[in-house]
Every structure is written in C-alpha cells, then in structure tokens.
Amino acid sequence: AADLLQNLIPLLMGNSVDIDGNPIDTPVPGIVENAAITLGRLACVNPSFVAPELGRFLLGWCDGLSKISNPTERKDAFSGFILALRANPQSIQNAGPGLSQTIGSILFAVVSWHVASDDLLEGTNVLHSNYGFQPFPSEFVELKQSLTQLLTDIKASAGQESWNQVESQMPVNVKRLMKEVYNV
C-alpha cells in the first residue's frame with residue numbers, strides 16, 4: 001500500500017495546486033478541509049509522501065487545517081502536518097510571499113484549536129473581540145506538546161527580528177494565547 005501511495009502522491013499534488021502553488025479554485029464545499037485531513041493522514045503514514053513538496057502547498061494546508069471542525073480529523077491532520085514540517089523545515093522559508101506571513105498562517109491554524117466549531121463555521125471574529133479562546137482539548141495532550149515544541153522551534157529558527165515582525169501583526173488576544181498556552 002505504501003508503494004501505491006508513494007506513486008500517487010506526485011500525481012495528486014501536481015493536480016491540486018497551480019504553477020504558483022495556489023490551490024485550484026473549486027466549487028466543491030469542504031475540499032480544502034478534506035485535503036488537509038488527507039495530507040495529514042498521508043504524512044502520518046510516511047512524512048516523505050508530502051514533505052518534499054511541502055513549500056508548494058503549506059499555506060493552503062494551513063488554511064484547510066484552520067477549517068476542520070471534527071476533533072479526530074483535526075488531530076490527524078495536525079499530527080501529519082507536524083511530521084511533514086519536521087521532515088522538511090525549509091518549506092517554511094519557501095512557502096510563500098514572506099517568512100512572517102507563513103509563520104502567521106501556521107499560528108492561525110494552531111489558534112483554530114481554541115475557537116469553538118460554531119464560531120469557525122460562522123466566521124465569528126474571536127481574534128479581535130473579548131478573550132474567549134477555549135483550552136486545548138485534554139484528550140490530545142501529546143499533540144499540544146508537539147505543537148508547543150514546533151512553535152518554539154519555529155520561533156528560534158526565525159530569529160528574534162522575524163518573530164517580532166510576526167508578533168507585531170498578531171491581534172492582542174492571539175499574543176496572549178501564544179504566551180499563555182504555548183510559551184512563545
């Protein structure tokens with residue numbers, strides 16, 4: 001099965017993004033979320049299935065991650081995301097218009113764990129309103145630890161100047177969440 005997947009991944013990835021790495025517009029509801037879940041599960045099987053081309057679709061994956069409402073599917077998607085980033089950390093540098101925007105996309109995806117599913121679906125702006133973030137689900141403590149380590153490593157590798165730029169773009173609520181929950 002792994003051999004079959006290894007041969008299918010380039011075909012799938014080549015058809016899911018355009019030449020500039022942008023997702024292909026599709027009227028199919030839920031496709032971004034399903035793609036994020038699928039990528040995560042593939043990376044859980046073997047991160048090398050997705051890691052080599054991660055820079056091409058990292059921002060789209062972050063977007064999909066932030067929209068997943070089912071906790072188990074979200075856990076699978078994020079677990080694979082972490083494994084893929086660990087396998088290809090340079091993808092953060094190659095993912096888009098700038099390092100701070102890429103890091104911001106990753107942080108936004110992480111913040112989605114702390115937003116009620118109803119608020120995600122309705123597009124409620126909890127980032128700028130009163131601090132109302134939910135705690136990270138206690139049943140996924142290992143994932144929270146992995147995310148904390150990932151964010152710590154991203155902050156260290158970005159350097160203080162780049163991290164300050166990222167922080168300057170964060171809403172106050174997100175800064176607070178990052179400091180209180182993830183120590184970054």
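As the structure is a computational prediction, the values presented were derived from the model and not from experiment. (Residues numbered from 1 in each chain as written. Predicted model: local features only at pLDDT ≥ 70, side-chain atom pairs only at ≥ 80, totals over all residues. Heavy atoms only, no water.)

This part takes up the packing of aromatic side chains. Inspection of the entire model under this criterion finds six aromatic pairs. Where F57 meets W61, the ring centres are 6.0 Å apart and the plane angle is 35°; that geometry is what we call tilted. With F57 and W61 both in helix α3 (residues 54-67), this residue pair falls four residues apart, about one helical turn. Judged on exposure class, the residue F57 and its partner W61 are both buried. Aromatic side chains W61 and F81 sit 5.1 Å apart centroid to centroid with 85° between the ring planes, which places their arrangement in the edge-to-face category. Separated by 20 residues along the polypeptide, W61 in helix α3 and F81 in helix α4 (residues 71-87) bring together distant segments of the chain. (Phe/Tyr/Trp six-rings, centres within 6.5 Å; stacked < 30°, edge-to-face > 60°. Helix = DSSP H or I, 4+ residues; strand = E, 2+ residues; numbered from the N terminus. Buried < 20%, exposed > 50% of the residue type's maximum accessible area, 1.4 Å probe, protein only.)

This paragraph deals with the side chain of S91. Among the structural elements, S91 can be located in helix α5 (residues 91-94). Residue classification places S91 among the buried positions, given a relative accessible area of 1%. In this structure the side chain of S91 is engaged in a polar contact, spanning 2.7 Å, whose partner is the backbone oxygen of N88. Every residue in contact with S91, bar those within four places of it in the chain, is listed here: L54, G55, L58 and L85. (Polar contact = N/O pair within 3.5 Å; in protein donor to acceptor, adjacent residues only side chain to side chain. Contact = heavy atoms within 4.5 Å.)

One non-glycine residue, N183, adopts positive backbone phi at about 60°. Here N183 shows up in the segment after α10 (172-182).

So, about helix α2 (residues 31-45). Since there are 3.6 residues in each turn of an α-helix, residues three or four apart along the chain are aligned in direction. Taking 1.5 Å per residue, 15 residues should reach 21 Å; α2 reaches 21 Å between its end C-alpha atoms and fits that length. What α2 keeps buried is the set A36, I37, L39, G40, L42 and A43. (Expected span 1.5 Å × (residues − 1).)

Next up on the list: the confidence of the model for the chain. Low-pLDDT stretches of the model should not have their predicted coordinates read in fine detail. Overall, the predicted model of the chain reaches an average pLDDT of 84, with 78% of residues at or above 70. Of the regions scoring below 50 in pLDDT, residues 17-21 engages in eight contacts with residues more than four places distant in sequence or in other chains. (pLDDT = per-residue confidence, 0-100.)

Among the structural elements, D153 can be located in helix α8 (residues 141-158). As a C-alpha pair, D153 and P89 span 64 residues in sequence and 9.9 Å in three-dimensional space. A distance of 2.8 Å separates the side chain of D153 from the side chain of R86, its partner in a polar contact.

The next point concerns the pattern of salt bridges. Enumeration according to the criterion identifies seven salt bridges in this entry. Among the salt bridges present, the one from R56 reaches E53, with a minimum N-O distance of 3.6 Å. With relative accessibility at 31%, the residue R56 sits in the partly exposed group. For E53, a relative accessible area of 37% puts it in the partly exposed group. Here D76 makes a salt bridge to K75, at a shortest N to O gap of 3.3 Å. D76 sits in the buried class, given a relative accessible area of 17%. Residue classification places K75 among the partly exposed positions, given a relative accessible area of 26%. The structure contains a network of salt bridges with shared partners spanning R41, K75 and D76. (Salt bridge = Lys/Arg side-chain N within 4 Å of Asp/Glu carboxyl O.)

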